[in-house]
Amino acid sequence: MRQPLIAGNWKMNGTRSSAEALMKAVLQGTSAIEKSEIVVCPPFPFLALGEQVLGASAVRLGAQNVCTEASGAYTGEVSAQMLAEFGCHYIICGHSERREHYGETDAIVAKKLALTIDQGMTPILCVGETLEQREQGRMEDVIAGQIDEIINRNTIASFGQLEIAYEPVWAIGTGKTATPAQAQAVHNFIRRRIADHDPAIAAKVRILYGGSMKPGNALELLSQADIDGGLIGGAALVAEDFLAICQAGGTAAG
Ligand code: PEP
C-alpha cells in the first residue's frame with residue numbers, strides 16, 4: 001500500500017507574512033489528517049520560516065529547485081546541501097516550467113536528482129507531455145524518453161529513492177484537468193515502464209498527478225489505482241482547498 005503524498009508547489013507567490021499564515025493554516029488543518037503525507041514547497045527565501053513554523057510536525061518541507069552543482073562559483077544558485085540544512089525533505093526536479101522557461105534538459109534534471117539523493121532528500125521528478133505532443137500521438141514516447149533518460153544516467157535504483165509527478169503540461173495552471181481515466185492510463189504506463197527494469201521498484205514508487213487538481217476533482221483522481229497523490233499548484237495557495245485535497249487523499253487511501 002502506497003501512502004498518498006500531497007505536495008503543494010507554491011511557485012513564486014506570496015509574501016513573508018502570507019507564507020507564514022499559509023504554513024500555519026496548513027499545519028493546523030492537517031493535524032486531523034492522518035493518512036496522507038503532506039508537503040509544502042515555498043519559495044527559497046521562506047524555507048527558514050518553514051523550518052521554524054513546521055518544526056518536527058508531520059507537514060514536511062520541500063524546495064522547488066536545486067543547483068546541478070554541489071558548491072562553488074554559481075552565482076544565484078542554491079545547493080542541495082543548503083536545502084538539506086534548512087530542513088527540506090523533498091525537492092521538485094524538472095518541473096515543466098523549469099524545462100520550458102530555463103531550458104532544463106533531462107541531463108540537467110538527472111544531475112539535480114543525484115545531488116538531492118546524495119544529500120538524503122527525496123526528489124519529486126516531474127514528467128509530462130505538451131498539448132502538441134499529445135495531439136501528435138507522441139505522449140508515450142515523450143514520457144518514456146524522460147523516464148529512460150534518468151534510468152540511463154542515474155540507474156534504475158534511483159527510482160527506489162524518488163517520487164514521480166505526472167504533470168501534463170496542458171493541464172498546469174490552465175483549469176483543464178486530465179480525466180481520471182486519462183491520468184490513470186499514463187500513470188499505469190509509467191509504472192509498467194519502470195517495471196520493465198525492476199518490478200519491485202515499480203510497485204513501490206509513488207506517482208503523483210499534477211495539473212489543476214482541485215477539491216472538486218481530487219477524490220476521483222486520487223482514487224485511481226496508480227495515482228498515489230498530487231502535486232498541487234494554484235490550489236495549494238488557498239489553505240482550505242489544499243486541506244480538502246489532503247483530506248481526499250486520506251479518503252482515497254481508505
Ligand atoms: C504545478 O505547477 O505543479 C501544478 C500542478 O499547478 P496547478 O495545480 O496550478 O495546475
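Report follows, based on the coordinates. Computed from a prediction, not measured in an experiment: that's the story for all the values here. (Residues numbered from 1 in each chain as written. Predicted model: local features only at pLDDT ≥ 70, side-chain atom pairs only at ≥ 80, totals over all residues. Heavy atoms only, no water.)

## A few points about the side chain of Gln64
Turning to step 1, where the next piece is worked out: Mapped onto the elements, Gln64 comes out in the loop between strand E3 (59-63) and helix H3 (80-85).
Turning to step 2, where the next piece is worked out: With a relative accessible area of 19%, Gln64 lands in the buried category.
Turning to step 3, where the next piece is worked out: In this structure the side chain of Gln64 is engaged in a polar contact, spanning 2.9 Å, whose partner is the backbone oxygen of Cys41.
Turning to step 4, where the next piece is worked out: Among the polar contacts made by the side chain of Gln64, one reaches the main-chain carbonyl oxygen of Pro42 at a distance of 3.4 Å.
Turning to step 5, where the next piece is worked out: Excluding anything up to four places from it in sequence, Gln64 contacts Asn9, Trp10, Lys11, Met12, Cys41, Pro42, Pro43, Ile92 and Arg98. (Helix = DSSP H or I, 4+ residues; strand = E, 2+ residues; numbered from the N terminus. Buried < 20%, exposed > 50% of the residue type's maximum accessible area, 1.4 Å probe, protein only. Polar contact = N/O pair within 3.5 Å; in protein donor to acceptor, adjacent residues only side chain to side chain. Contact = heavy atoms within 4.5 Å.)

## A short note on the pairing of strand E1 (residues 5-9)
Turning to step 1, where the next piece is worked out: Burial analysis of E1 places five of its five residues in the buried class, which makes it a mostly covered element.
Turning to step 2, where the next piece is worked out: Burial of the side chains of E1 extends over both faces: Leu5, Ala7 and Asn9 are buried on one face and Ile6 and Gly8 on the other.
Turning to step 3, where the next piece is worked out: In terms of strand pairing, E1 meets strand E2 (residues 37-41) through five bridges, oriented parallel. Paired with Ile6 across the strands is Ile38, a residue of E2.
Turning to step 4, where the next piece is worked out: Where the polypeptide runs from E1 across helix H1 (residues 16-30) and back to E2, its parallel neighbour, the crossover connection is right-handed. (Pairing = 2+ DSSP bridges. Right-handed = clockwise from strand over helix to strand, strands pointing away.)

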